[in-house]
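# Remarks on the overall topology
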Amino acid sequence: MFKTYLKTYLAATAASLLALTAAAYAPSAAAQAKEEVEVMHWWTSGGEAAALNVLKEQLQKEGVSWKDAPVAGGGGDAAMTALRARVTAGDKPTSVQLLGTAIHDWAEQGVLADLTPLAEKEHWADHIPPAIAAFSTYDGKWVAAPVNIHRTNWLWINKKLLDKVGGKAPTNWDEFQALAKQFKDAGVTPLAHGGQPWQESTIFDAIVVSVGGNDFYKKAFVDLDPAALGGDTMQKAFDQFRVLRGWVDPNFSGRDWNLASAMVINGEAGMQVMGDWAKGEFIKAGLKPGVDIVCVPYPGSEKAFLFNSDQFAMFSLDDKARQDAQLKLASAIESPSFQESFNLVKGSIPANTEVKPDKFDPCGQKSMADRDAFKSTGGMLPSLAHGHAASAAVKGAIYDVVTNFFNSNQSSADAAKALVDAVALAK
Ligand code: BGC
């Protein structure tokens, strides 16, 4: 009896001692908990979430806790709307995923933290290609940490289906059309497509550089030259877009990009024109890029690397623990080992050129080789659809024209004219 009592008493005492000890340590636990980053992003598909996990785990290893602030919606338009609403309401996240000119827009408002001392200590300028660093810096200061480089002008093909129809990966528009017809004749949807403005513009970017070449793309989408936007070459690009429209299934409207990738994965569709975040979905589904999924640049765009780079910017905050967490996040993002593991999952290639290509699949290796080779050819071109070529207003105006054309019977001549007018208004 006494023994039982003693046991219970001792156990209770031990428990209250433990509780007391925990209470004594509580302040430091609380302080630690403050070393937290809230990260706003739009990586919600299977492949994207897997890549994000690599970042979460990296930070947790460094004692920084992660507060997830996802806003679903490929391409990030919904996330940007949510971000503006939060900042207006005085509720800035610690950190946010941003693309291209949006980084400069926020920097211009003076709300981003200056990462320059860290960038200098870690020599970011030596490892990040100038084309990417141009977006990470503003007014001579580093304001964002680039995590990757995506190439947007890819064509993905289901290899089993390709073999089944006896086709070959196309290298020009005629071969592309021939293959699409082979798929169609075999009862397979030739092109998996998600009918959302950003996806339509992603495809249109690839067509424009393919039809017009690198200089034309730059004239039209970077210089916003009215003659290029409204001329014969742009009309030819719209003609090609019209032909593509004939190869999508009837249910494309509003479909998310990863569901279009799933159609290629499960053999419902033969091809998808999409940036290499689609590769993240293929990998997540257990397919091997270069083996089960063929990757080629969109036919006719081999000399171009249309890029977009996901970057994380930090909002200026007063809290010291949170500032430390921000610097840990930025530093983790730029480390070569992290850039390797993250990009192997995400489908992109590292923004840090110190990372070797060895572990990447043939599609990643091609991107890395082209990234380096095109430095001197002018082939590294900013993606319009992903906010790197022009302002958000111009991008939005072009989205409207491109989507309206794809979803109507408008003529190519009228679409090219509409492009000139819309850009002139938005500029
Ligand atoms: C981003 C990618 C993302 C894709 C689809 C692009 O704008 O750069 O990281 O996976 O949108 O959401």
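Heads up: the structure comes first, above all this text.
Residues numbered from 1 in each chain as written. Predicted model: local features only at pLDDT ≥ 70, side-chain atom pairs only at ≥ 80, totals over all residues. Heavy atoms only, no water.

### Observations concerning the state of the cysteines
- Taken as a whole and assessed by the stated rule, the structure comprises one disulfide.
- Disulfide partner of Cys295: Cys363, at an S-S distance of 2.2 Å. Around the S-S axis, the bridge from Cys295 to Cys363 shows a dihedral of about -100° and counts as left-handed. With Cys295 in strand β11 (residues 293-297) and Cys363 in helix α17 (residues 362-373), this pair connects stretches of sequence that are 68 residues apart. Here the two residues Cys295 and Cys363 agree in accessibility, since each one is buried. (Disulfide = S-S within 2.5 Å. Helix = DSSP H or I, 4+ residues; strand = E, 2+ residues; numbered from the N terminus. Buried < 20%, exposed > 50% of the residue type's maximum accessible area, 1.4 Å probe, protein only.)

### Considering helix α2 (residues 46-61)
- For α2, spanning 16 residues, the distance from its first C-alpha to its last is 23 Å, which sits close to the expected 22 Å at 1.5 Å a residue.
- For α2, the complete set of buried residues consists of Gly47, Glu48, Ala51, Leu52, Val54, Leu55, Lys56, Gln58 and Leu59.
- At the C-terminal side of α2, Gly63 shows a positive phi close to 80°. (Expected span 1.5 Å × (residues − 1).)

### Observations concerning the nonpolar core
- By size, the foremost hydrophobic cluster in this structure holds 62 residues, and its most contacted members are Leu83, Leu98 and Trp124.
- The contact partners of Trp124, leaving out residues within four places of it in the chain, are Leu115, Leu118, Ala119, Trp142, Ala144, Ala145, Ala330 and Glu334.
- Of all hydrophobic cores here, the second largest spans 55 residues; its members include Val208, Val209, Leu229 and Ala397. (Core = buried A, V, L, I, M, F, W, Y, C linked by side-chain atoms within 4.5 Å. Contact = heavy atoms within 4.5 Å.)

### Here we look at the packing of helix α10 (residues 197-222) against helix α18 (residues 392-406)
- Between α10 and α18, whose axes approach to 10 Å, the crossing angle comes to 110°. Looking at the two axes, α10 sits roughly perpendicular to α18. Like other packed secondary-structure pairs, α10 and α18 cross with a definite hand, here right-handed. Across the interface between the two elements, Pro197, Trp198, Glu200, Ser201, Phe204 and Phe221 from α10 touch Ile398, Tyr399, Val402, Thr403 and Phe406 from α18.
- Among the residues forming the contact of α10 with α18, the class breakdown is eight nonpolar, two polar and one charged. (Axes fitted to C-alpha atoms, helices over the stretch in contact; angles between N-to-C directions. Parallel < 35°, antiparallel > 145°, perpendicular 65-115°, else oblique. Left-handed = near helix turned anticlockwise from the far one by under 90°. Nonpolar A, V, L, I, M, F, W, Y, C, P; charged D, E, K, R; others polar.)

### Section: the sheet that holds strand β9 (residues 189-191)
- Strand order in the open sheet formed by four strands is β9-β10-β8-β11, with mixed pairing between adjacent strands. A strand with exactly one partner marks an edge of an open sheet, and here the two such strands are β9 and β11. Neighbour to neighbour, the strand axes of the sheet diverge by 15° on average, direction disregarded.
- Relative to β11, strand β8 (residues 154-158) runs antiparallel, the two being bridged by five bridges. Residue pairing for β11: Trp154 is matched across the bridge by Pro297.
- Across the sheet, helix α9 (residues 173-185) is in contact with β8, β9 and β10 (269-273); its angle to β10 comes to roughly 145°. (Pairing = 2+ DSSP bridges.)

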